[in-house]
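Each chain, letter by letter, is given below.
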Amino acid sequence: MTLSEAAVAAAVTVSIAGVSYAALNTDALTARAETVASAATCRTVDAAIVAYVAEHGTAPARISQLRSYVKGDISAYRISKGVAAGPGC
């Protein structure tokens, strides 16, 4: 085995170990998934606006008025012309 073959074999082994660690590091993956899952989507905020209008007869003026209609973080959104505006909208 030459030095270049040994270097390639070592690089492949290290990269496989890194991928395996990333795949098996369940704490980090779980934390990342929980962070994503706790954030509301644009569609969820739009549905909350519709529910608010159905209950109150008028559109909400502030996003804070929708907190009781949504499970998750809606702080990144705002209401623009009666619909949600923010990430993914």
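My aim in this report is to walk through the structure given alongside it, one point at a time. Along every chain, residues carry numbers that run from 1 in the direction the sequence is written. Given that the model is predicted, a residue must reach a pLDDT of at least 70 before its local features are reported, and side-chain atom pairs must reach 80 or more before they are shown or counted; all residues, however, enter totals for whole chains, interfaces and linings. Just so you know, side-chain values use all the structure's heavy atoms and leave hydrogens and water out.

### Focus on the nonpolar core
Okay, so step 1: The set of buried Ala, Val, Leu, Ile, Met, Phe, Trp, Tyr and Cys residues whose side-chain atoms join them within 4.5 Å is what this entry labels a nonpolar core. Whether a residue is buried, partly exposed or exposed follows from its accessible area with a 1.4 Å probe, protein chains only, as a fraction of its type maximum: under 20%, in between, or over 50%, in that order. Ala40, Cys42, Val45, Ala48, Ile49, Tyr52, Ile63, Leu66, Val70, Ile74, Tyr77 and Ala84 together form the largest nonpolar core, which totals twelve residues.
Okay, so step 2: Counting residues per element, this core draws most heavily on helix α3 (residues 42-56), which supplies five residues.
Okay, so step 3: Only heavy atoms matter for contacts: two residues are in contact if any of them lie within 4.5 Å across the pair. Other than its neighbours up to four places away in sequence, isoleucine 74 contacts Ala40, Val45, Ile63, Leu66 and Arg67. We count a stretch as a helix when DSSP gives it H or I for four or more residues in a row; a strand needs E for two or more, and each element gets its number in order from the N terminus.

### A closer look at the state of the cysteines
Okay, so step 1: Disulfides are defined in this document as cysteine sulfur pairs within 2.5 Å. A full pass over the atoms with the stated rule returns one disulfide.
Okay, so step 2: Disulfide partner of cysteine 42: cysteine 89, at an S-S distance of 1.9 Å. Sign of the S-S torsion, about 120° for the bond between cysteine 42 and cysteine 89, identifies this disulfide as right-handed. Taken together, the residues cysteine 42 in helix α3 and cysteine 89 in the segment after β2 (83-85) connect sequence positions 47 residues apart.
Okay, so step 3: With a relative accessible area of 12%, cysteine 42 lands in the buried category.

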